[in-house]
Amino acid sequence: MYLFQAEEIVKQYNGTLALDKVSMNVPGQSIYGLLGPNGAGKTTLIRIINRITAPDSGRLFLNGRKLESEDIYHIGYLPEERGLYKKMKVGEQAVYLARLKGLSRQEALTRLKYWFEVFEIRGWWNKKIEELSKGMQQKIQFIVTILHEPKLMIFDEPFSGFDPINTAILKKEVLALRENGATVIFSTHDMGSVEELCDHITLIDKGRTILQGTINDIRSAYKSDTYEIRFMGDIHVFKPVLNANFELLEQSVSGETCTSKIRMLHHAQGNELLAMLINKVHILSFNELIPSMNDIFIRAVKGNSTEK
Amino acid sequence: MSKISLIIQREYITRVRKRSFIIMSVLGPVLFAGMMIVPAWLSQVEEMDVKRIAVVDSSNMFRNVIPETEILKFDYLENVSLETLKKTYAQSGYYGILYISHIVTYDPNSVILYSDKQPNLATKLHISNAMEEYIKSLKLSTYDIKDLDMILRSIKTDINIRTIKLSENGREKESSTGIAMAVGYAGGLLIYMFIFIFGAQVMRGVIEEKTNRIVEVVISSVRPFQLMMGKITGIALVGLSQFLIWTVSTFLLVSIAKAVLFPELNLTSTEKVLTQDIMSSGQAAVSPEPEESAANMQEVYTALEALKNIDFLVMIGSFLFYFLGGYLLYASLFAAVGAAVDNETDTQQFMLPITVPLILAIFVMISAINSPGSPVSFWFSLIPFTSSVVMMARIPFGVPVWEVVLSMAILVLTFLGTTWMAAKIYRTGILMYGKKVSYRELAKWIRYKG
C-alpha cells in the first residue's frame with residue numbers, strides 16, 4: 001500500500017499545460033525524488049500536494065484515502081523560497097511555528113535544543129533571521145519543517161544554498177528520517193543526492209512524466225553492457241583478442257596504468273574477456289559501468305525534446 | 001493555547017517591542033503635552049520681564065491715560081522728537097515707541113507702535129481700548145450731559161453667553177461649544193489616524209507573510225481566516241495599548257508641567273493682561289470694578305465646568321467602540337488588499353476605495369463640528385464607512401441615544417460583512433503569485449464557495 005498517491009494531475013496556467021496527467025505512487029518509509037529541468041512543473045506539483053493550489057483535474061490520496069484539507073497538518077513542507085519572518089529572532093520564531101503545529105512550548109524547546117545541536121547552530125538562538133545567510137536560514141527552515149515529526153515530508157530544493165559539509169549533514173538527517181518511519185518527497189537538481197538518497201524517482205519535463213521507477217531499475221535499464229578495465233602492461237594487448245563480441249570504446253594511459261572501456265556485444269560475458277587477458281597483463285580492476293543519474297537525466301530530457 | 005491566540009500574541013509582541021512603537025509611545029505624549037503646555041509657557045516666559053513703552057504724544061491729550069499693568073509700563077516723554085528716539089531706540093532699552101499724532105481724534109490711523117519685536121494682540125488691544133474709551137468719554141463730555149458718569153455706568157452691560165444643554169430627562173447640563181468642538185475634533189481625528197496607521201500595518205503584515213512565503217508554511221497549521229483575524233486582532237491590541245499609553249502619559253505630563261511651570265494659576269499671561277483690561281475697562285478710569293472681575297472669573301469657571309461636564313467615561317467608551325469598529329471594518333479591507341497584491345507598490349489601485357471614504361469622513365467631520373445636528377452629519381454618522389469618525393466628532397455635543405445605537409449596529413453588521421468578504425479574497429489571494437489581479441478577479445474570488 002502506498003502512503004501517498006497522485007493520480008493524473010492536470011494543471012493549466014494561462015493556456016500552457018504546467019502538468020499533464022502526472023501520476024506518482026510513493027511507498028511508505030521511503031525517499032522519493034522529484035526530478036526535472038527548470039520549469040518542468042516540480043514546484044507546481046508540490047504546491048498542489050500541499051493544497052496551496054488546486055489542480056484542474058486529478059486526485060490525491062494519503063494512506064489510500066482522498067487527501068482532505070485536514071491531512072496537510074500531517075505534511076511537513078519546506079518551500080523553495082524561505083518562509084520565515086525576517087525581523088524575528090531565530091529561537092522565538094522556531095518556537096512560534098512549532099506551537100502553531102501543535103507542540104507545547106516545553107516540547108518545542110526540547111526538540112529544538114536537539115536539532116540545534118545536530119546542525120551546530122546553538123549560538124543563533126537570539127539572532128534575527130535577516131542576519132543569517134541563505135544557507136543558514138535554510139537550516140532553520142528545515143528544522144521547523146520536521147520538528148513536529150509529520151508522516152509525510154515534502155522538501156522543495158532542500159540542498160540549494162548549502163555547502164558540501166552541510167549538505168552531508170542534511171543528507172544524513174534525511175536518511176535518518178526514513179529510518180524513523182517518515183516518508184520524504186523532495187525535488188532537486190542535484191543528481192548526486194538522488195543516487196545517495198532516493199528509492200524511487202519521477203522525472204518530469206515540460207509537465208509530463210518521462211521517467212519513473214526505482215533508482216536501481218532505472219539505472220539498469222539505462223546501462224549499456226559497458227565495462228571498464230584497468231591494468232598494467234601493453235596498451236595494445238586488446239588488438240589480437242578483440243573479436244566480434246567486444247568493442248573497444250576508448251583507451252587511456254596514465255603512467256603505467258591503462259584504462260579501457262569495452263562494450264560487450266551479443267550478450268557476451270565479461271569472463272570471456274578476462275580469460276583472454278588474464279595471462280597477458282596485470283589486471284587491477286574490472287567493473288561494469290552503470291550510468292550515473294546525471295547521464296540518465298540528460299539523456300532522458302534530451303530524448304524528450306528531440307521526440308517533439 | 002489555541003492557535004489564534006498564538007497568532008495574536010506574536011503579532012502583538014513583535015510590534016510592541018519594535019523601536020518605532022517605543023519611540024511613538026514616548027514621542028506622542030511629549031508632543032501632545034507640548035502642544036498644550038508650550039504656547040502657554042512661551043508667552044509667559046516672553047512676558048516675564050516688564051515691557052516699557054516710550055510714549056511720544058504730539059496731541060498732548062493722553063498723559064497717564066493708558067493704565068499700567070504688571071508688565072506694561074508707559075513713560076510719557078516730553079521734548080523728545082520721534083526721530084531722535086527712533087535713532088537711540090536700540091540703546092534706550094524700551095520695548096517700543098508709541099507715537100500719537102495730534103490729529104488722533106479724527107484719524108484712527110494716527111497711532112503707531114514702533115518696536116523691533118512683534119507686539120502681541122493683548123498689548124495692542126490694551127492700548128487701543130484705553131485710548132478709544134478716553135476719546136469716547138472726551139467726545140461725550142462735549143455734549144454737556146448732566147450726570148454723564150452715572151449714566152454711562154448704568155448703561156454698561158456685559159454679556160457672557162452660557163450654553164446649557166438639555167438632556168432628555170430634563171436635566172440641565174452646562175456645556176461650552178468651544179470645548180465640545182475641540183474634544184470632538186480631537187476624537188474624530190484620532191480615530192482617522194488610528195484606522196490609517198494600524199490598517200496600513202495590517203496590510204504590510206499580510207504582504208510580508210505573502211512575499212516571504214510564510215503563509216505556505218503556516219497554512220498547514222492554521223486556517224487562512226485564523227491567520228487574518230489573528231493579525232487584525234493583534235494589531236488592534238497594539239493600537240489600544242498605544243492609545244492607553246498616550247492618554248495616561250499625556251495626562252501625567254500635563255499635570256506635572258502645570259505644577260512645575262505655572263504654580264500659582266492656570267491662566268496664561270496673555271489672558272492675565274486681557275483679564276486686567278476687562279477688569280479696568282469701565283470708562284477711562286483706572287478703578288477696577290469688583291463685580292466685573294467676578295463676571296470674568298465666572299467665564300473662566302464656566303469653561304472649566306464645561307470640560308468637567310463632558311462625560312469622559314462616555315467619551316472614552318464611545319471612542320473605544322468607534323475606534324475598534326472602524327478599525328475592524330477597514331483592517332479587514334486592508335488585509336484583503338494585502339493578500340491580493342504581490343508587493344506594496346501594487347497596492348495603489350485597490351487603496352483608492354479605502355482612502356476615499358476615510359478622507360470624506362474627515363471633511364464631513366469638520367462640517368459636523370460646526371453643525372452637529374445637520375442632515376449631512378446625521379447621515380454620515382450612520383454610514384458605516386464614515387460613521388466612526390463623524391459620530392465621534394458629534395458625541396461631545398450630545399447625540400440622541402437611538403442614533404448612536406443605530407450607528408453602532410450598522411457598523412457592527414458592516415464589519416461582519418466586510419470581514420466575510422475580505423476572508424474570501426484573503427484565502428485565495430494569499431497563495432497566489434505573479435498574477436496582476438483586477439477587480440473582476442476579486443469578485444470571482446468572493447463568489448468561490450466553501
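The structure we're discussing is the one just above.
Residues numbered from 1 in each chain as written. Chains lettered and ligands numbered in written order. Predicted model: local features only at pLDDT ≥ 70, side-chain atom pairs only at ≥ 80, totals over all residues. Heavy atoms only, no water.

Structural notes on the overall build of chain B
Convention followed: Comment: elements are numbered from the N terminus, with helices defined as DSSP H or I runs of at least four residues and strands as E runs of at least two. A simple rule labels every residue: compare its accessible area, found with a 1.4 Å probe on the protein chains alone, to the largest value its type can have, and call it buried under 20%, exposed over 50%, or partly exposed in between. Two residues form a contact once any of their heavy atoms are found within 4.5 Å. Throughout, the Shrake-Rupley method with a 1.4 Å probe supplies accessible areas, and for residues the shown protein chains are the sole cover considered.
Each helix and strand in chain B was counted, giving 17 helices and six strands. Taking all 450 residues of chain B together, the buried fraction comes to 45%. Of the contacts made within chain B by residues no fewer than 6 positions apart, 72% connect residues no fewer than 24 positions apart. As displayed, chain B offers around 23500 Å² of accessible surface, 66% of which is attributable to carbon and sulfur atoms.

A look at the pairing of strand E1 (residues 2–13) of chain A
Residue and element names in this part refer to chain A. To keep things clear, this is the line we draw: In this description, strands pair whenever DSSP reports at least two bridges between them.
Both E1 and strand E2 (residues 16–27) contribute to a ladder of eight bridges, which runs antiparallel. Residue Lys-11 lies in a different strand from E2, and its bridge partner there is Leu-19. For E1 and strand E4 (residues 57–62), the ladder comprises five bridges, and the chain directions are antiparallel. By the bridge assignment, Val-10 is partnered in E4 with Ser-57.

Quick word on the packing of aromatic side chains
For any pair of aromatic rings, the description consists of the separation of the ring centres together with the inter-plane angle of the planes. In plain terms, the rule: When the centres of two rings from Phe, Tyr and Trp lie within 6.5 Å, Trp using its six-membered ring, the rings pair. Their planes under 30 degrees apart give stacked, over 60 give edge-to-face, and anything left gives tilted. Note on geometry: a ring has a charge over it if NZ (lysine) or CZ (arginine) is within 6 Å of the ring centre and within 35 degrees of the ring normal.
The final tally for this structure, using the stated rule, is 25 aromatic pairs over all chains. Aromatic pair A:Tyr114 and A:Trp115: ring centres 5.2 Å apart, planes at 75 degrees, arrangement edge-to-face. Its relative accessible area of 11% is what places A:Trp115 among the buried residues. An aromatic cluster is built from B:Phe32, B:Phe194, B:Phe198, B:Phe243, B:Trp246, B:Phe319, B:Phe323 and B:Tyr327, whose rings are joined through pairwise contacts. Here the guanidinium or amino end of A:Lys171 rests over the ring plane of A:Phe159, the centre of that ring lying 5.9 Å away. Sitting over the ring of A:Tyr96, B:Arg10 keeps its end group 5.5 Å from the ring centre.

Quick look at the packing of helix H12 (residues 312–340) of chain B against helix H16 (residues 401–429) of chain B
Residue and element names in this part refer to chain B. Cut-off, in case you're wondering: Axis geometry follows a simple rule: fit a line to the C-alpha atoms, using only the stretch in contact for helices, then measure angles between N-to-C directions, giving values from 0 to 180 degrees. Any angle that is under 35 degrees is reported as roughly parallel, and any over 145 degrees as roughly antiparallel; angles of 65 to 115 degrees are reported as roughly perpendicular and all others as oblique. Crossing handedness: left-handed means the near helix sits turned counterclockwise from the far one by under a right angle, and right-handed means the same turn made clockwise. When residue character is reported, Ala, Val, Leu, Ile, Met, Phe, Trp, Tyr, Cys and Pro are called nonpolar, Asp, Glu, Lys and Arg charged, and the others, Gly included, polar.
Remark: H12 packs on H16, axes separated minimally by 8 Å, with the N-to-C direction vectors making an angle of 20 degrees. It follows from the interaxial angle that H12 and H16 lie roughly parallel. When the axes of H12 and H16 are compared, the crossing they make is left-handed. In terms of residue class, the contact of H12 with H16 is built from 17 nonpolar, eight polar and no charged.

Some words on a nonpolar patch on the surface
All names here are of chain B. Formally: Note on patches: the residues involved have over 30% relative accessible area and no salt bridge, like charges join within 9 Å, and the nonpolar side chains Val, Leu, Ile, Met, Phe, Trp and Tyr join within 5 Å. A side-chain nitrogen of Lys or Arg and a carboxyl oxygen of Asp or Glu constitute a salt bridge if their distance falls within 4 Å.
On the surface, Leu-244, Val-248, Phe-251, Leu-252, Ile-256 and Val-260 cluster together into a nonpolar patch covering about 630 Å² of accessible area. By the secondary structure assignment, Ile-256 is in helix H9 (residues 224–261). Since its relative accessible area comes to 52%, Ile-256 is described here as exposed.

Structural notes on the sheet that holds strand E6 (residues 75–78) of chain A
Residue and element names in this part refer to chain A. Ordered by their spatial adjacency, six strands build an open sheet running E6-E7-E8-E3-E9-E10, and the pairing between neighbours is mixed. Looking at which strands have only one partner, the edges of the open sheet turn out to be E6 and strand E10 (208–214). Here the strands of the sheet are splayed against their neighbours by 15 degrees on average, with no regard to which way each runs. Examined bridge by bridge, E6 and strand E7 (residues 152–156) share four bridges and lie parallel to one another.

A closer look at the nonpolar core
Put simply, the rule reads: We call a set of buried Ala, Val, Leu, Ile, Met, Phe, Trp, Tyr and Cys residues a nonpolar core when their side-chain atoms join them within 4.5 Å.
The biggest cluster of nonpolar side chains holds 157 residues, and the ones touching the most others in it are A:Phe4, A:Phe119, A:Ile140, A:Phe142, A:Phe155, B:Ile232 and B:Tyr327. No other element matches the 16 residues that H12(B) contributes to this core. Once residues lying within four places of it in the same chain are set aside, the contact partners of A:Phe155 are A:Ile46, A:Leu78, A:Phe142, A:Thr145, A:Ile146, A:Val174, A:Leu177, A:Val184, A:Ile185, A:Phe186 and A:Ser187. In this structure, A:Val237, A:Phe238, A:Ala268 and A:Val281 belong to the second largest nonpolar core, which totals 16 residues.

So, the environment of B:Gly96
Residues and elements named next belong to chain B. One can find Gly-96 in strand E3 (residues 96–100). Spatially, the C-alpha atoms of Gly-96 and Pro-119 are 8.5 Å apart, while their sequence positions differ by 23 residues. For Gly-96, the contacting residues outside a window of four places in its chain are Arg-52, Ile-53, Ala-54, Tyr-89, Tyr-114 and Ser-115.

Topic: the sheet that holds E2(A)
With respect to topology, four strands assemble into an open sheet ordered E2-E1-E4-E5 (chain A), the strand pairing being antiparallel. Edge positions in the sheet fall to E2 and strand E5 (65–66) of chain A, since each has one partner strand and no second.

What to know about the interface of chain B and chain A
Selection rule: What gets called buried area is simply the loss in accessible area from a 1.4 Å probe that two parts show on being joined, summed for both.
Taken residue by residue, the interface counts 23 residues in chain B and 21 residues in chain A. Surface buried jointly by chain B and chain A totals about 2200 Å² across both partners, of which 57% is contributed by carbon and sulfur atoms. Three residues stand out in chain B for area buried against chain A, namely B:Arg10, B:Val217 and B:Ser220, and they jointly supply 26% of the buried area on that side. Here chain B is connected to chain A by three salt bridges. In this structure, the salt-bridge partner of B:Arg213 is A:Glu81, at a minimum N-O distance of 2.9 Å.

Some thoughts on the pattern of salt bridges
Residues and elements named next belong to chain B. One pass over the full model with this rule turns up 25 salt bridges over all chains. The partner of Glu-11 in a salt bridge is Lys-231, with the nearest N and O atoms 2.7 Å apart. With Glu-11 in helix H1 (residues 3–16) and Lys-231 in helix H9, this pair connects stretches of sequence that are 220 residues apart. Residue classification places Glu-11 among the buried positions, given a relative accessible area of 1%.

A few points about unusual backbone geometry
Residue and element names in this part refer to chain A. Backbone geometry at Glu-8 places phi at a positive 45 degrees, although glycine is not the residue there. Within the fold, Glu-8 resides in strand E1. Residue classification places Glu-8 among the partly exposed residues on the basis of a relative accessible area of 45%. For Lys-206, which is not glycine, the phi torsion reads 50 degrees and is therefore positive. Considering the arrangement of structural elements, one finds Lys-206 in the loop between strand E9 (200–205) and E10.

Section: the packing of H12(B) against helix H15 (residues 384–394) of chain B
Residues and elements named next belong to chain B. Interhelical geometry of H12 versus H15 gives an angle of 155 degrees and a closest axis separation of 9 Å. Comparing their axes, H15 and H12 come out roughly antiparallel. Like other packed secondary-structure pairs, H12 and H15 cross with a definite hand, here left-handed. Contacts between H12 and H15 involve Met-315, Ser-318, Phe-319, Tyr-322, Gly-326, Leu-329, Tyr-330 and Leu-333 on the former and, on the latter, Pro-384, Phe-385, Ser-387, Ser-388, Met-391 and Met-392.

Brief notes about the pairing of E10(A)
Within a regular strand, the side chains alternate between the two sheet faces. Residues and elements named next belong to chain A. Pairing between E9 and E10: six bridges, direction antiparallel. Considered in E10, the bridge of Leu-203 is made with Leu-211. What sits between E9 and E10 in their antiparallel hairpin is a turn of two residues, with Lys-206 showing a positive phi close to 50 degrees.

On their own, these measurements won't tell you what the molecule is for.
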